[in-house]
Amino acid sequence: MKKFALILAVVMCLSVCISAFADQVTVRFFHRWPNEPKLSYLNGLIAEFEAENPDIKIVTDQVLNDAYKEKIRVLVSTDDIPDVFMSWSGSFANNLVKSGRVQTWDDLLAADPAFRDSIVESQWPPFQIDGKQYGVPWSMDGKAFFYNKDVFAQLNLSVPTTLDELYAVCDALRAAGYEEPISAGFSAPWAVSHYLGTICQRVVDPETLARDYAGQGDFTDPGYIEALNIFKKLGEYMTKDPNSVDHEFARNAFIFGEAPMVYLQLGECKYLRDDVDFDYSFFNFPAVEGGKGDPGQLTGAPEGMMISNVASPEVQEAAVKFVKFVISQHGGYEMTKQTGELSCVKGALDETNLDAKQLEAVQLILNSTQPALWQDNVTDAAIADAFMAGGQLLLTGDKTAEDVMKDVQAAAASIQ
Amino acid sequence: MQQTSMVNKTVRKPGKSKNMLPDRKMTPGMAIACFFLLIYFLLIAYPIFWLIMNSLKTYKEIYKNIWAMPQVPQWMNYVNAWNRGVSRYFLNSVLVTGATIVLTIFSAALGSYSLARFRFRGNQLVFMLCMGGMMLSPQVTLIPLYQIIRFLRIKNTYLAMIIPYSAYRIPMMIMLIRSFFLTIPKEMEESACLDGCSDFQIFVRIFLPMSKPILLTCCILIAYYAWNEFLFAMIFVDSESLKTIPTGLMNLRDALQTDWGTLLAGMTISALPLIILFFCMQKHFIRGMTAGAVKG
Amino acid sequence: MSKMTPYVYVLPCMLLLGIFVYIPLVANFYYSLFSFSALSPMKLFVGLQNFRTLFNDSVVGTALINNVWYCVISVAVQVFLALVIAALLEDRLLSRVSTVLRTTYFLPVLISMTVVALLFSFVYHPKIGLINAALKAFGMKNPPAWTGDPKTAIFSSIIMSQWHSTGYTTMLFIVTIQGISADLYEAAEIDGAGRLQRFFHITVPQVREMMFVTMVTTITGAFLVFNDVYILTQGGPGNASTTLAVYMYRNAFNLDKMGYASAIAVLMLIICMALALIQNKAFRSGKED
């Protein structure tokens, strides 16, 4: 019996983590970077911060992407909300803010204009909800077609600026023996939403799109059907059976020269660095003829940090200090250097922590008119889900564009 | 579904007692059957061999040459897997499994003792609740359970795994332990009682030591379940630092970049403990798994 | 002995069972009448609306069909085929290799589903996977896309599940067959009964009870299957390979429709209860023969 009790007691003690530092402020930080090298980067930065601020202790917790999406939404709805946490922008941020437990930054920024000015201007708005600033942008990203410059030069192809040109390029590549000109992997549905989000943005009237995404519309615009059909047509140029290929495999097919094009996030440049033995570049998704959206937009949204407003004032103060430390020239520089994520802090990026490709990527982001948020972040999960599931089945021919839109309309109706 | 006699038997060397008979001839039918068994053997063995082989390759080798043998065995994959979290998941799995065994065996044995030894009002009800509990599966009660775990504020702790695991194992364990306790002769406890033993002392000094075989069977059954459980572990626990092997391994598969060699090495490491346990205690293991099936 | 003693002893297990098994069971019915999210404490009473949605939801239909496929194939393989394998392994002709075979067949049972499913994501890979490489080697031009094709995705998962679990039921049958008295076989052999006759007239009747047991667990398991599908395909592409449990999970934790998910759980519970009743009846009437 005593043994049982002892073991049970030990288990209990282990499971209930008690931080007993009396005069230290503990800040709980929840993020989605449990893997290397990102984890080491954050841990290193936190150690630096704690050395500079011995009275603050940062306790971290981390889970991976999809799990993070789910967990943070639940945590924010309770008083267990972490003091500092990462958030995507758009409706994802909106959902978190709806809990009423997220602190606004307006007063903080007014008191510290230097901090506001230190961050790339175009990255702030995605974290504004009803005119208030809820998050601080941390890293920026964009989605672009990566292409094999050597192959393009060999075949005398130029970068397509319209969709028809893109089709023509694909036909030319196919004629040259590249059966699958665009490498694609959709086994994880988010990869579908990156395509569909961009195409919808290009085709559908921006106001209609915004209203539909916000859950106030009914997705009856014929533009959606057109957008889905464009995706289906592009699908004919993609990897065969893309639903059973994962995104990483698709990228590798590009890296190892098997496919001349792939649609990637600019943050993925770092994975290409070591293995690519040809010259490559990237271009924004081309304009769609007759499309109502701004073709200068680049799909891809900043990620940012939020703080809770439930924590005690001392903790909040420490949390703000921590956020400003992470999103600083130093923190941003180290992030880009160690992880390849592109910092939004002005002056944090230069040739010492970026290679030529990444500098080009930063230019592409800064030159775009504005970020078009990820479709799976910008709209309700049920709607995004209908798009993603439908997109997969559209490519296999099991659903038509009309079928998919019916599902989307039903999903939109179910959340109203 | 009472098959206690069978439960107590174990696998013996095949065909020993039937060996003196003839009929060792190979017939065409048997030849086809043997061929089929060989194919089945390869279907099982090859993927496992493939897993081990690829866990020793570099990332590029796996992509470029998935069928080939590793050029230079990458033992670092194992070191990396261990250091990048598998050691942590391993420790958590051991802890959660251990604690689940202790909690389940303790409460189930105590409950069985009460059911087997005392007649009391409601003992039929308790028995029925246990029987019914065996039929219920965790999937069906997931959502309210999730709310209860949150309400009790044990979400994202070890307890969020240990307690539900125990609760869902208890019914079967009570069935097994109770039927064993019923076979313990009354004289044993009566002689003990003459020496002035309390109920609890009888339980601890007589029932528990005499039931070692069935308790060991139960331990194996619980360990098998707790080591592999996925659903609760995925939903009730968020933190990287609390994850057990089945859910932790999922984390090695990042959305954008997975280090395949490391992942495969981690998979191999995590498969080992039960395989080793099986080879060390084959007899008990099979007895346990059989008991579990019959009662479940 | 105090009157309270037996109650004290059953208290721990009754508390655990009550709070974590029976309260959730009852609460599930209650929850299924509401529309609510895990995020907000507000629950909106909607009566039977969730069940109306359930009956009109085509994904639920897909899921049910997938569960039925799971059930049919699993019973065929894990009950009938496994019995044949067990009988073969117990045949004297194979006595030298049967231990090796038996142990190998059992190995997958010891490997957790996460590992198995991750392993099979390579096995099924259309480009570099083992199966399609083999099919191409045999001259097949267009091998299936397995997990990527809505028509084959669920079968990919089912095949994997058989790979994982058949060794277990085989082992159960082996143990049962070894429990059969050797005299029975001897007598039959003296009467000149061949292998098939011995199998149908001695082995099958003697393992009937075990067949029933494995059938119950296999069928119930098939209607509750979650891990296999969730890890291998997440129910995709689209919802083509979803099962009831996976669809319930997705509604609860991805789409945040807790009430609807509870209604799906109620459907699963009803199915399992009905199956258990039918099977019990069948077994009882079978026993009276």
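See the structure shown above.
Keep in mind that what you see is a predicted model, and the values were worked out from it rather than measured.

Peer 1: Looking at this model, I keep getting lost on the packing of aromatic side chains. Mind explaining?
Peer 2: The way to describe two aromatic rings as a pair is by their centre distance and the angle between their planes. The final tally for this structure, using the stated rule, is 73 aromatic pairs over all chains. Between Tyr147(A) and Phe283(A), the ring centres sit 5.5 Å apart and the planes meet at 50°, which makes this aromatic pair tilted. Of this pair, Tyr147(A) sits in strand β7 (residues 143-148) while Phe283(A) sits in strand β10 (residues 280-283), placing them 136 residues apart in sequence. Ring plane angle 70° and centroid distance 5.1 Å describe the contact between Trp69(C) and Phe155(C), whose orientation is recorded as edge-to-face. Here Phe155(C) lies in helix α7 (residues 153-179) and Trp69(C) lies in helix α3 (residues 58-89), a separation of 86 residues in the sequence.

Peer 1: What is the right way to look at the interface of chain B and chain C in this model?
Peer 2: Many authors give the size of an interface as the accessible area that is lost as the parts come together. Between chain B and chain C, the residue contacts involve 108 residues of the former and 96 residues of the latter. In total, about 9600 Å² of surface goes out of reach between chain B and chain C, with carbon and sulfur atoms giving 76% of it. One can count zero salt bridges joining chain B with chain C. On the surface where chain B and chain C come into contact, there are 12 residue pairs in polar contact (both at pLDDT 80 or more).

Peer 1: Would you mind going over the environment of Lys281(C) with me for this structure?
Peer 2: On the secondary structure map, Lys281(C) appears in helix α13 (residues 258-288). Taking the C-alpha atoms as reference points, Lys281(C) and Tyr247(C), 34 residues apart in sequence, are found 30 Å from one another.

Peer 1: Even after reading the chapter, I still don't get unusual backbone geometry, so can you show me in this structure?
Peer 2: A positive phi angle, close to 60°, is found at Asn156(A), a residue other than glycine. Positionally, Asn156(A) belongs in the loop between α7 (149-154) and α8 (163-175). Judged by its relative accessible area of 71%, Asn156(A) is exposed. Despite not being glycine, Gln234(C) has its phi angle at roughly 55°, a positive value. Along the chain, the position of Gln234(C) falls in the loop between α11 (227-232) and α12 (244-254).

Peer 1: How should I be thinking about the pairing of strand β3 (residues 84-88) of chain A in this particular structure?
Peer 2: Working note: regular strand, side chains alternate between the two faces of the sheet. Residue and element names in this part refer to chain A. Counted residue by residue, β3 has five buried out of five residues, so it is predominantly covered. In β3, alternate side chains face the same way, and those of Val84, Met86 and Trp88 on one face and Phe85 and Ser87 on the other are all buried. Relative to β3, strand β1 (residues 25-31) is paired through two bridges, and the arrangement is parallel. Looking at the pairing, phenylalanine 30 lines up with phenylalanine 85 of β3. Examined bridge by bridge, β3 and strand β12 (residues 303-307) share five bridges and lie antiparallel to one another. Within the sheet, the bridge partner assigned to phenylalanine 85 lies in β12 and is methionine 306.

Peer 1: Mind showing me how you'd approach the packing of helix α8 (residues 182-190) of chain C against helix α9 (residues 195-206) of chain C here?
Peer 2: The description of two packed helices rests on the angle between their axes and on the distance between the axes. All names here are of chain C. Across the interface, α8 lies against α9 with an axial gap of 10 Å and an inter-helix angle of 165°. In terms of orientation, α8 lies roughly antiparallel with respect to α9. Between α8 and α9 lies a crossing whose hand is right-handed. The segment α8 lies against α9, with Leu184, Tyr185, Ala188 and Glu189 engaging Arg198, Ile202, Thr203 and Gln206. Here the contact of α8 with α9 is composed, by residue class, of four nonpolar, two polar and two charged.

Peer 1: Even after reading the chapter, I still don't get a nonpolar patch on the surface, so can you show me in this structure?
Peer 2: On the surface, Phe151(B), Leu152(B), Leu11(C), Leu15(C), Ile19(C) and Ile23(C) cluster together into a nonpolar patch covering about 570 Å² of accessible area. Per element, the largest residue contribution to the nonpolar patch is four residues, and it comes from helix α1 (residues 5-31) of chain C. Mapped onto the elements of the fold, Leu15(C) is located in helix α1. Classification of Leu15(C) as partly exposed rests on a relative accessible area of 46%.

Calculation rules
Residues numbered from 1 in each chain as written. Chains lettered and ligands numbered in written order. Predicted model: local features only at pLDDT ≥ 70, side-chain atom pairs only at ≥ 80, totals over all residues. Heavy atoms only, no water. Phe/Tyr/Trp six-rings, centres within 6.5 Å; stacked < 30°, edge-to-face > 60°. Helix = DSSP H or I, 4+ residues; strand = E, 2+ residues; numbered from the N terminus. Contact = heavy atoms within 4.5 Å. Buried area = accessible area lost by both parts, 1.4 Å probe. Salt bridge = Lys/Arg side-chain N within 4 Å of Asp/Glu carboxyl O. Polar contact = N/O pair within 3.5 Å; in protein donor to acceptor, adjacent residues only side chain to side chain. Buried < 20%, exposed > 50% of the residue type's maximum accessible area, 1.4 Å probe, protein only. Pairing = 2+ DSSP bridges. Axes fitted to C-alpha atoms, helices over the stretch in contact; angles between N-to-C directions. Parallel < 35°, antiparallel > 145°, perpendicular 65-115°, else oblique. Left-handed = near helix turned anticlockwise from the far one by under 90°. Nonpolar A, V, L, I, M, F, W, Y, C, P; charged D, E, K, R; others polar. Patch = residues over 30% accessible without salt bridge, like charges linked within 9 Å, V, L, I, M, F, W, Y side chains within 5 Å. Areas by Shrake-Rupley, 256 points an atom, 1.4 Å probe, with all protein chains shown as cover.

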